[in-house]
Amino acid sequence: MWRIYILALISFLIGSSQFITSGFLDQIAAAMRISIATAGQFTTAYALVYAIVTPIVTSLTAKIDRKKIILCSFGVFILGNILSYFSSSVGVFTISRIIVASGAGISVVIALTIASQIAPIGKKASSIAIVTIGFTIALIIGVPIGRLLSSTFGWRSVFLIISLLSIIAVFIIIVFIPKVQNGLKSIFETGFKRHSEPRLPSTAQKNH
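Quick look at the structure, then. (Residues numbered from 1 in each chain as written. Predicted model: local features only at pLDDT ≥ 70, side-chain atom pairs only at ≥ 80, totals over all residues. Heavy atoms only, no water.)

**Things to note about the overall build of the protein chain**
When you go through the protein chain residue by residue, the secondary structure sums to 11 helices and zero strands. Order of helices (α) and strands (β) in the protein chain, N terminus to C terminus: α-α-α-α-α-α-α-α-α-α-α. Taken across its 208 residues, the protein chain has 50% of its residues classed as buried. Here the analysis covers contacts within the protein chain between residues at least 6 apart in sequence; of these, 84% occur between residues at least 24 apart. In the form shown here, the protein chain has an accessible surface area of approximately 9,600 Å², with 69% of it arising from carbon and sulfur atoms. (Helix = DSSP H or I, 4+ residues; strand = E, 2+ residues; numbered from the N terminus. Buried < 20%, exposed > 50% of the residue type's maximum accessible area, 1.4 Å probe, protein only. Contact = heavy atoms within 4.5 Å. Areas by Shrake-Rupley, 256 points an atom, 1.4 Å probe, with all protein chains shown as cover.)

**A closer look at helix H2 (residues 25-32)**
For H2, the complete set of buried residues consists of Leu25, Gln27, Ile28, Ala29 and Met32. Of the surrounding elements, those touching the buried residues of H2 are helix H3 (36-39), helix H4 (41-60), helix H6 (90-118), helix H7 (124-153) and helix H8 (155-176). Count one or two residues on from H2 and you reach Arg33, which has phi positive near 60 degrees.

**Re the side chain of Lys67**
Mapped onto the elements of the fold, Lys67 is located in helix H5 (residues 66-86). One buried charged residue, Lys67, remains without a salt bridge, the closest side chain of opposite sign being Asp65 at 6.9 Å. Reaching out from Lys67, the side chain makes a polar contact with the backbone oxygen of Ile174 at a distance of 2.9 Å. Sequence-distant contacts of Lys67, that is, excluding residues within four places in its chain, are made with Ile114, Ile173, Ile174, Ile177, Pro178, Lys179 and Val180. (Lys, Arg positive; Asp, Glu negative; His and termini not counted. Salt bridge = Lys/Arg side-chain N within 4 Å of Asp/Glu carboxyl O. Polar contact = N/O pair within 3.5 Å; in protein donor to acceptor, adjacent residues only side chain to side chain.)

**Thoughts on the nonpolar core**
The nonpolar side chains of soluble globular proteins are, as a tendency, buried together. Core analysis: the largest hydrophobic core is formed by 51 residues, its most contacted members being Leu7, Ile10, Ile14, Ile70, Phe74, Phe77 and Ile114. Looking at this core, the elements with two or more residues in it are helix H1 (2-19), H2, H4, H5, H6, H7 and H8. With 12 residues, the top contributor of residues to this core is H6. Among residues more than four places away in sequence, those in contact with Phe77 are Leu13, Ile14, Ser17, Val100, Gly103, Ala104, Ile162 and Ser166. (Core = buried A, V, L, I, M, F, W, Y, C linked by side-chain atoms within 4.5 Å.)

**Examining the environment of Leu149**
Structurally, the position occupied by Leu149 is in helix H7. With 12 residues separating them in the primary sequence, Leu149 and Ile161 have C-alpha atoms 9.4 Å apart. Apart from the residues lying within four places of it in its own chain, the contact partners of Leu149 are Gly154, Ser157, Val158 and Ile161.

**Quick look at the packing of aromatic side chains**
Summed over the entire model, instances satisfying the criterion amount to 10 aromatic pairs. Relative to Phe135, the ring of Phe19 lies with its centre 6.0 Å away and its plane at 75 degrees, an arrangement referred to as edge-to-face. In this pair, Phe19 is assigned in helix H1 and Phe135 in helix H7, connecting sequence segments 116 residues apart. The burial state of Phe19 is the same as that of Phe135; both residues are buried. Taken together, a centroid distance of 4.7 Å and an interplanar angle of 75 degrees make the contact between Phe42 and Phe93 edge-to-face. (Phe/Tyr/Trp six-rings, centres within 6.5 Å; stacked < 30°, edge-to-face > 60°.)

**Remarks on the environment of Ala37**
When you line up the elements, Ala37 lands in helix H3. We classify Ala37 as exposed; its relative accessible area is 60%. In the structure, Ala37 is positioned 11 residues away from Asp26 in sequence and 9.3 Å away in space, judged by C-alpha atoms.

**Focus on the packing of H6 against H7**
Where H6 contacts H7, the axes come no closer than 8 Å and their chain directions differ by 155 degrees. Here H6 is positioned roughly antiparallel relative to H7, judged by the angle of their axes. As H6 runs across H7, the sense of the crossing is right-handed. Across the interface between the two elements, Val108, Ala111, Leu112, Ala115 and Ser116 from H6 touch Lys124, Ser127, Ile128, Val131, Thr132 and Phe135 from H7. (Axes fitted to C-alpha atoms, helices over the stretch in contact; angles between N-to-C directions. Parallel < 35°, antiparallel > 145°, perpendicular 65-115°, else oblique. Left-handed = near helix turned anticlockwise from the far one by under 90°.)

Function-wise, these values are silent; they only describe arrangement.
Here it is, written out as structure tokens:
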């Protein structure tokens, strides 16, 4: 059952990467010499790419081993966050967020699929719920954590921390998560709609 919590960690890291920037948009705007409103478009671009890329890639990779897919998509997610850390211009930072979003949505869907397949007998629903909770926790505490870290270590450090934690998660997946074939349909139907359409922070806060 503890392997489910690793998948929940992945869900948390992805959710954090999505919402966390809202806590320090003013710092990003100041560093790149743009308005906060313009900086807010980074979040919009992320949400659009997330919603468009996720269903397409998920469908195209339906017959591929789920473990391989989550490693690849999570690798893309890590690469994007590393690029965010080194970004020094609006263009590069925008590209980095697009890369992050491209890997994030697929990783969440596949994490749900894997959770349903490796769950102990009779624990399928609760395993999926645990992975979902990881994303929900990020939604609730992502912004204040992002603000705290950015104020203490600088806004770039947030992306570095997410990258390092994600790399650790990748090694754990490689060693402890078994290969999983398909099983995608049920997750796609029951969980995908809730996770493939990321909400902008303002909307998300209203829901809580």
